[in-house]
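An overview of the molecular structure
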Amino acid sequence: MTPKEVLDFAKKNEVRQLDLRFTDLPGLWQHVSYPITQLDEGSFEDGFGIDGSSIRGWAAINESDMLLIPDAKTAMIDPFFEVPTLVMVCEVIDPITRQHYERDPRWIAQKAETYLNSTNLGDTAYFGAEAEFFIFDNIRFDQNQHSGYYFIDAEEGRWNSGRKENNLGYRPRYKEGYFPVPPTDHYQDLRAEMVEMMIKCGLNIECHHHEVATAGQCEIDQKFDTLVKSADNMMLYKYVIRNVANNYGKTVTFMPKPLFQDNGSGMHTHQSLWKGGKPLFAGDGYAGLSQMALHYIGGLLKHARALSAIIAPTTNSYKRLVPGYEAPVNLAYSRRNRSAAVRIPMYSASPKAKRVEFRPPDPSANPYLAFAAMLMAGIDGVLNKIDPGESLDKDIYDLSPEEMKAVPSMPASLDEALTCLEEDHAFLLKGDVFTEELIETFVTYKRKNEADAVRLRPHPYEFALYYDI
């Protein structure tokens with residue numbers, strides 16, 4: 001929509017409130033609301049003032065004034081608010097320089113698309129991310145100076161939930177949640193409502209199903225789109241899922257590994273480059289790939305350890321990235337083999353379907369930063385003709401110790417991943433997509449507020465291990 005069309009749309013739908021949204025550095029939507037009378041065509045240039053100093057990872061208090069400029073193309077009616085409300089995602093602008101704010105994740109994603117065009121390699125990067133999540137009945141957690149705990153209550157949990165129920169029989173066994181019909185799959189109707197709400201909001205949904213883990217692990221797949229649009233869609237996807245679940249009295253988490261000894265949640269990300277409406281990843285090479293696609297894979301694998309800080313950006317991410325739970329710890333590529341970090345899907349022989357799937361990302365990632373960083377790594381691979389090495393078509397977990405030594409692996413902790421990013425980020429700086437200041441801010445925030453914060457706290461299991469030492 002154009003600004004004028006947005007105003008007509010609001011009038012037609014008898015909108016009474018305006019809700020403006022933007023994304024903080026860790027990747028959560030933030031919002032501020034106004035009476036709809038505050039919106040006119042000039043608002044799409046003049047914007048709305050906010051204080052950015054309290055947003056995580058953003059400006060200091062002495063430079064906190066920001067402008068939110070609504071993006072008319074993102075306009076929709078919020079399906080969850082009682083008062084008819086128009087929602088738009090915003091650009092974040094410095095009110096003095098009128099330049100984009102360099103710590104706005106969406107702007108970084110936009111710059112990545114611009115950089116692709118400047119290289120003349122292609123004009124479109126398509127991304128399709130598969131974000132998994134858990135649906136729980138209740139969650140309790142706390143951490144203070146003298147206690148630390150969490151309790152998960154899940155309708156599908158194999159453990160004793162402590163509730164008085166007459167029917168505990170239909171529960172997925174560990175690692176057997178993929179694809180039983182109801183009543184073992186408890187959430188068909190809930191997922192269906194999530195999908196219906198997503199379609200109502202303009203998302204293009206392909207399928208939904210229960211995932212491998214017990215306790216309500218699910219996946220809803222969106223159709224791929226351009227980089228920024230896919231990141232916008234992922235933010236909306238999470239918003240819809242959380243709110244539909246909340247309306248059912250359930251709670252959803254995108255934590256990568258909330259359950260011990262069961263599969264974690266990934267965000268496998270399919271990606272491809274196109275130019276002039278033609279796919280560039282199809283060819284006569286390995287698995288039907290072009291040389292460009294193989295070099296793109298080479299870039300992803302070369303920079304995967306640095307990327308890990310952005311695509312798997314939580315301490316909990318490295319509870320998922322361990323061998324034995326289908327997690328792609330080892331940096332290799334393969335057709336069909338889901339134990340490789342890069343998989344080439346073989347569902348279709350059509351050149352338009354040819355893509356690469358990067359499997360280490362998880363849904364705790366900020367999608368704007370994650371998609372932009374993956375594209376930059378892939379472009380670096382293409383520009384520098386990085387050889388991805390030999391494909392690995394056998395189960396990685398069955399390799400001998402000698403064979404395993406030749407396969408590099410993902411970092412084992414967030415702290416290690418942040419160090420890898422500090423040591424290898426020149427590829428992200430090309431075209432001023434990421435800046436040194438942004439990367440330094442990101443690393444400092446993650447290390448202080450997450451890696452160090454977790455490292456400094458006694459873990460409950462340490463009491464079981466060491467109390468009587």
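Data block above holds the structure.
I will try to describe carefully the structure that is included in this document. Just so it is clear, the structure is predicted and the values come from calculations on it, not from any experiment.

1. Some points on the overall build of the protein chain
In terms of helices and strands, the protein chain carries 14 helices and 18 strands. The C-alpha radius of gyration computed for the protein chain amounts to 23 Å, which stays within 12% of the reference 23 Å derived for 469 residues, consistent with globular compactness. A principal-axis box enclosing the C-alpha atoms of the protein chain has dimensions of 65 × 60 × 45 Å. The buried share of the protein chain, reckoned over its 469 residues, is 54%. Within the protein chain, contacts between residues at least 6 apart in sequence are counted, and of these 69% link residues at least 24 apart. For the protein chain, the accessible area works out to roughly 21900 Å², and carbon and sulfur atoms hold 51% of it. Of the side chains in the protein chain, 49 bear a positive and 66 a negative charge, and the two mean positions are spaced by 4 Å.

2. Side note on unusual backbone geometry
Both trends apply: most residues other than glycine have a negative phi, and most peptide bonds are in trans. With omega at 10°, the peptide bond leading from Pro182 into Pro183 counts as cis. Take Pro183: it is sitting in the loop between β9 (148–153) and α4 (188–200). For Ala215, which is not a glycine, the phi torsion comes out positive at approximately 60°. Structurally, Ala215 is set in the loop between β10 (205–210) and β11 (217–222). The exposure class assigned to Ala215 is buried, which follows from its relative accessible area of 0%. Positioned with a positive phi, Asp432 is a non-glycine residue whose angle comes to about 55°.

3. Here we look at the packing of helix α6 (residues 291–302) against helix α9 (residues 367–383)
With their axes 6 Å apart at the nearest point, α6 and α9 run at an angle of 120° to one another. Between α6 and α9, the angle falls in the class oblique. In this structure, α6 crosses over α9, and the sense of that crossing is right-handed. From α6, Met292, His295, Tyr296, Gly299 and Leu300 reach across to α9, where they touch Met374, Leu375, Ala377, Gly378, Ile379, Gly381 and Val382. Looking at the contact of α6 with α9 residue by residue, the classes come out as eight nonpolar, four polar and no charged.

4. Observations concerning the pairing of strand β7 (residues 124–136)
Burial analysis of β7 places 12 of its 13 residues in the buried class, the great majority of the element. Judged from the eight bridges that link them, β7 and strand β14 (residues 267–275) form a sheet pairing that is antiparallel. In the strand pairing of β14, Tyr126 is matched with Ser272. Pairing of β7 with strand β12 (residues 225–226) involves two bridges; the strand directions are antiparallel. Residue Tyr126 lies in a different strand from β12, and its bridge partner there is Thr226.

5. A look at the packing of aromatic side chains
Describing an aromatic ring pair means giving the distance of the ring centres and the angle of the ring planes. Enumeration over the complete set of coordinates arrives at 14 aromatic pairs. Centre to centre, the rings of Phe127 and Phe371 are 5.2 Å apart; their planes meet at 25°, and the pair counts as stacked. Of this pair, Phe127 sits in strand β7 while Phe371 sits in helix α9, and the two are 244 residues apart along the sequence. Looking at Phe371, the relative accessible area reads 0%, which means it is buried. Plain terms: the ring middles of Tyr237 and Phe254 are 6.5 Å apart, the flat faces sit at 50° to each other, and that makes the pair tilted. Of this pair, Tyr237 sits in helix α5 (residues 227–247) while Phe254 sits in the loop between β13 (251–253) and β14, placing them 17 residues apart in sequence. The exposure class assigned to Tyr237 is buried, which follows from its relative accessible area of 1%. Feature note: the residues Phe22, Trp58 and Tyr101 constitute an aromatic cluster, connected by ring pairs. It is Arg21 that lies over the ring of Trp29; its NZ or CZ is 5.0 Å from the centre.

6. Description of the pairing of strand β2 (residues 29–35)
Direction of pairing for strand β1 (residues 17–23) relative to β2: antiparallel, over a ladder of seven bridges. Each bridged residue has a counterpart across the sheet, and for Gln17 the counterpart in β2 is Pro35. Joining the antiparallel neighbours β1 and β2 is a turn of five residues, in which Gly27 adopts a positive phi near 115°.

So, how was this worked out
- Residues numbered from 1 in each chain as written.
- Predicted model: local features only at pLDDT ≥ 70, side-chain atom pairs only at ≥ 80, totals over all residues.
- Heavy atoms only, no water.
- Helix = DSSP H or I, 4+ residues; strand = E, 2+ residues; numbered from the N terminus.
- Rg over C-alpha atoms; globule rule 2.2 N^0.38 Å.
- Buried < 20%, exposed > 50% of the residue type's maximum accessible area, 1.4 Å probe, protein only.
- Contact = heavy atoms within 4.5 Å.
- Areas by Shrake-Rupley, 256 points an atom, 1.4 Å probe, with all protein chains shown as cover.
- Lys, Arg positive; Asp, Glu negative; His and termini not counted.
- Charge placed at Lys NZ, Arg CZ, Asp CG, Glu CD.
- Axes fitted to C-alpha atoms, helices over the stretch in contact; angles between N-to-C directions.
- Parallel < 35°, antiparallel > 145°, perpendicular 65-115°, else oblique.
- Left-handed = near helix turned anticlockwise from the far one by under 90°.
- Nonpolar A, V, L, I, M, F, W, Y, C, P; charged D, E, K, R; others polar.
- Pairing = 2+ DSSP bridges.
- Phe/Tyr/Trp six-rings, centres within 6.5 Å; stacked < 30°, edge-to-face > 60°.
- Lys NZ or Arg CZ within 6 Å of the ring centre and 35° of its normal.

Limitation: the analysis is restricted to geometry and does not speak to function.
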